[in-house]
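Single-letter residue listing:
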Amino acid sequence: MKKTITMSALALAVSFGAISCKKKVSDAELQTQATTIVATSPTATIEVKEGVAHLGGTFATQAEKDAAIKSLKEIKGVKDVHDMATVEMMPPPPPPVETASAVDPMVQQKVQDAVKDFPSVKVEVVNNELTLTGNVSSAQARKIKESVDALKVGKYNNNLVVK
């Protein structure tokens, strides 16, 4: 009986010992997991030494950097994360360029004079291009086109609706 109790105690001690001994994760394994996390930011770097992740390089946004730090802290075996990374400073947007209309007002006036006999036709500048709009018959459309082409104004948008 004494032998049985001794053997039971010894088995119990060995099983507790086996459970309490955790396998230590190597820095190489942690490095592999950490590298996977920061791979989405090509300018970010990561190095793991003695279970501590050292985050460096640059991130496009603060949110990306924060997400990487959070994910690194969630890796089992990482004791701490040292943040040495920076956030890329975006240059300020260039000031808006103010451009004058690409259509010469004199040209626009000449075209308006050419189509003055057709009250349904409008001559407008849309997206810096001379544009004709309105409803006309096919004979009127032909006459308008010939008149405008004779002015040699160059490219223009003919958005006339022929009925």
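Our structure's up above, just so we're on the same page.
Residues numbered from 1 in each chain as written. Predicted model: local features only at pLDDT ≥ 70, side-chain atom pairs only at ≥ 80, totals over all residues. Heavy atoms only, no water.

Here we take up the sheet that holds strand E5 (residues 122–126). Strand pairing in a sheet relies on backbone hydrogen bonds, with the paired strands running either antiparallel or parallel. If you trace the 3 strands from one edge of the open sheet to the other, you get E5-E6-E7, paired in mixed fashion. In the strand order of this sheet, the two ends are held by E5 and strand E7 (157–162), each with one partner. Shown here is a sheet whose adjacent strand axes are inclined to one another by a mean of 20°, direction ignored. Contacts from helix H4 (residues 105–114) reach E5 and strand E6 (129–136) within the one sheet, and its direction differs from that of E5 by about 155°. Each of E6 and E7 is contacted by helix H5 (residues 138–150), which is oriented at about 155° to E6, the strand it contacts most. (Pairing = 2+ DSSP bridges. Helix = DSSP H or I, 4+ residues; strand = E, 2+ residues; numbered from the N terminus. Axes fitted to C-alpha atoms, helices over the stretch in contact; angles between N-to-C directions. Contact = heavy atoms within 4.5 Å.)

With that settled, consider the packing of helix H2 (residues 27–38) against helix H3 (residues 62–73). Where H2 meets H3, the axes come as close as 10 Å, and the angle between the chain directions of the two elements is 155°. In terms of orientation, H2 and H3 fall into the roughly antiparallel class. H3 is crossed by H2, and the crossing has right-handed handedness. Across the interface between the two elements, Ala34, Ile37 and Val38 from H2 touch Ala68, Ser71 and Leu72 from H3. (Parallel < 35°, antiparallel > 145°, perpendicular 65-115°, else oblique. Left-handed = near helix turned anticlockwise from the far one by under 90°.)

Now for the nonpolar core. Counting 16 residues, the largest nonpolar core has Ile46, Leu55 and Leu72 as its most contacted members. When contributions to this core are tallied by element, the ones reaching two or more residues are H2, strand E1 (44–49), strand E2 (52–59) and H3. Residues within four places of Ile46 in sequence aside, it is in contact with Gln31, Ala34, Thr35, Val38, Ala53, His54, Leu55 and Leu72. Residues Val111, Val115, Leu132 and Ile144 belong to the second largest nonpolar core, which totals 13 residues. (Core = buried A, V, L, I, M, F, W, Y, C linked by side-chain atoms within 4.5 Å. Buried < 20%, exposed > 50% of the residue type's maximum accessible area, 1.4 Å probe, protein only.)

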